[in-house]
Amino acid sequence: MDDRRPEHWLTACALLYGLTHHIGFGLAWLGTVGDTRWADWADILTPYAVLLTAAAALHTGRADVRCWALYLVGAVTYVEGHGIHLAANSVGNDTPGIPVVHLWDEVVGHYLWYAGTALVFAALARALAARPAPPMRYALIPALVVAVTWTTNSLEGGTAVMGLVIAAAFTVWGVRARRHLGRTLVPAFGPAVVALAVYGIWHRGFPEPTELGWI
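No experiment lies behind these values; they were computed from the predicted model shown.

> Let's hear about helix H1 (residues 5-20): which residues, and what values?
The end-to-end C-alpha distance of H1 is 22 Å, a good match for the 22 Å that 16 residues give at a rise of 1.5 Å each. Inspection of H1 places Pro 6, Glu 7, Cys 13, Ala 14, Tyr 17, Gly 18 and Thr 20 among the buried residues, and these make up the whole buried set. Tucked into the core, H1 has its buried residues touching helix H2 (23-26), helix H3 (38-43), helix H4 (46-60), helix H6 (99-128) and helix H7 (136-156).

In structure tokens:
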């Protein structure tokens, strides 16, 4: 077995996380099909892309039972949150202004989805953080993709406070594992800590970028 296969799958997971978690914005230009958006249909692929590559990284990295248990809880939470978000968001796009749609999409769905993401990332970190660190030039771009995605999801998803706390925890984890692969947690979450903190101070809170007319 190629000793670098876990890192390859981890890189794929990071890049697909960044790609699929921006599908709604990135594919908005495709417009609608019937009462739905093409972006909503493409978003069905998101859990497959993120969770299967994460599972492959755990498998090739010979994760122990505790890592797999953490991943399983995270994956179930991720899928449930994403499914709630996707369904409610699609209904809201067709019939805006329904309070219960906002509850399930922007609150319940997002908190479950991003909490599940954090648990999956924690399983990956626990399984792989002690592996030898690759040159940072190879890990930097995927790590920054995670940082940008975590930041934008936390802000536009209305989970900024939770996102800031989780990003800070992963950054500390990365500092403690700085001699190993776990050091990539620092560029993956450290910029998110800075960006979320500065944004919160600047706006004296965390209004969504769409509310400010940025998107």
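> Please provide a residue-by-residue account of the side chain of His 110, values included.
Tracing the backbone shows His 110 in helix H6. Here His 110 falls in the buried class, since its relative accessible area comes to 4%. Excluding its chain neighbours within four sequence positions, the residues that come into contact with His 110 are His 85, Asp 105, Glu 156, Gly 157 and Thr 159.

> Would you mind going over the nonpolar core in detail, with residue names and values included?
Counting residues in each nonpolar core, the largest one holds 36 residues, and the members touching the most others are Tyr 71, Phe 121, Leu 124, Val 146, Trp 150, Phe 170 and Phe 189. Within the residue set of this core, elements represented by two or more residues are H1, H4, helix H5 (65-94), H6, H7, helix H8 (160-176) and helix H9 (185-203). A total of 11 residues in this core trace back to one element, the largest contributor, which is H6. Discounting chain neighbours no more than four positions away, the residues touching Phe 121 are Tyr 17, Val 146, Phe 170 and Phe 189.

> Outline the packing of aromatic side chains, supporting the account with residue identities and numerical values.
Under the defined criterion, the tally for this structure stands at 8 aromatic pairs. A ring pair is formed by Tyr 78 and Trp 113, whose centres lie 6.2 Å apart and whose planes are at 85°; its orientation type is edge-to-face. Separated by 35 residues along the polypeptide, Tyr 78 in helix H5 and Trp 113 in helix H6 bring together distant segments of the chain. Comparing Tyr 78 with Trp 113 shows no difference in burial state: the two are buried.

> How would you sum up H7? Please name residues and give values.
The first and last C-alpha atoms of H7 sit 29 Å apart over 21 residues, in line with the 30 Å expected at 1.5 Å per residue. Listing the buried residues of H7 in full gives Ala 139, Pro 142, Ala 143, Val 146, Ala 147, Thr 149, Trp 150, Thr 151, Asn 153, Ser 154 and Leu 155. The secondary structure elements touched by the buried residues of H7 are H1, H6, H8 and H9. Gly 158 lies just past H7 and shows a positive phi near 75°.

> Tell me about unusual backbone geometry, and please be specific about residues and values.
Phi at Arg 62 is positive, roughly 55°, even though this residue is not glycine. Residue Arg 62 is classed as exposed on the basis of its relative accessible area, which comes to 62%. A positive phi angle, near 55°, is found at Arg 204, a position not held by glycine. Here Arg 204 shows up in the segment after H9. For Arg 204, a relative accessible area of 82% gives the class exposed.

> Residues and numbers for the side chain of Thr 46, please.
If you trace the backbone, Thr 46 turns up in helix H4. Accessibility expressed as a relative area gives 0% for Thr 46, which makes it buried. Within the structure, the side chain of Thr 46 is placed 2.6 Å from the side chain of Asp 43, a separation counted as a polar contact. Leave out the neighbours within four places in its chain, and Thr 46 touches Thr 20, His 21, Ile 23, Tyr 78, His 82 and Trp 113.

> Outline the state of the cysteines, listing residues and values.
A covalent bond between the sulfur atoms of two cysteines is what we call a disulfide. Counted under the stated rule, the structure contains 0 disulfides. Unpaired in terms of disulfides, Cys 13 finds its nearest cysteine sulfur in Cys 67, a separation of 14 Å.

Cut-off values and rules
Residues numbered from 1 in each chain as written. Predicted model: local features only at pLDDT ≥ 70, side-chain atom pairs only at ≥ 80, totals over all residues. Heavy atoms only, no water. Helix = DSSP H or I, 4+ residues; strand = E, 2+ residues; numbered from the N terminus. Expected span 1.5 Å × (residues − 1). Buried < 20%, exposed > 50% of the residue type's maximum accessible area, 1.4 Å probe, protein only. Contact = heavy atoms within 4.5 Å. Core = buried A, V, L, I, M, F, W, Y, C linked by side-chain atoms within 4.5 Å. Phe/Tyr/Trp six-rings, centres within 6.5 Å; stacked < 30°, edge-to-face > 60°. Polar contact = N/O pair within 3.5 Å; in protein donor to acceptor, adjacent residues only side chain to side chain. Disulfide = S-S within 2.5 Å.

By themselves these figures say nothing about function.
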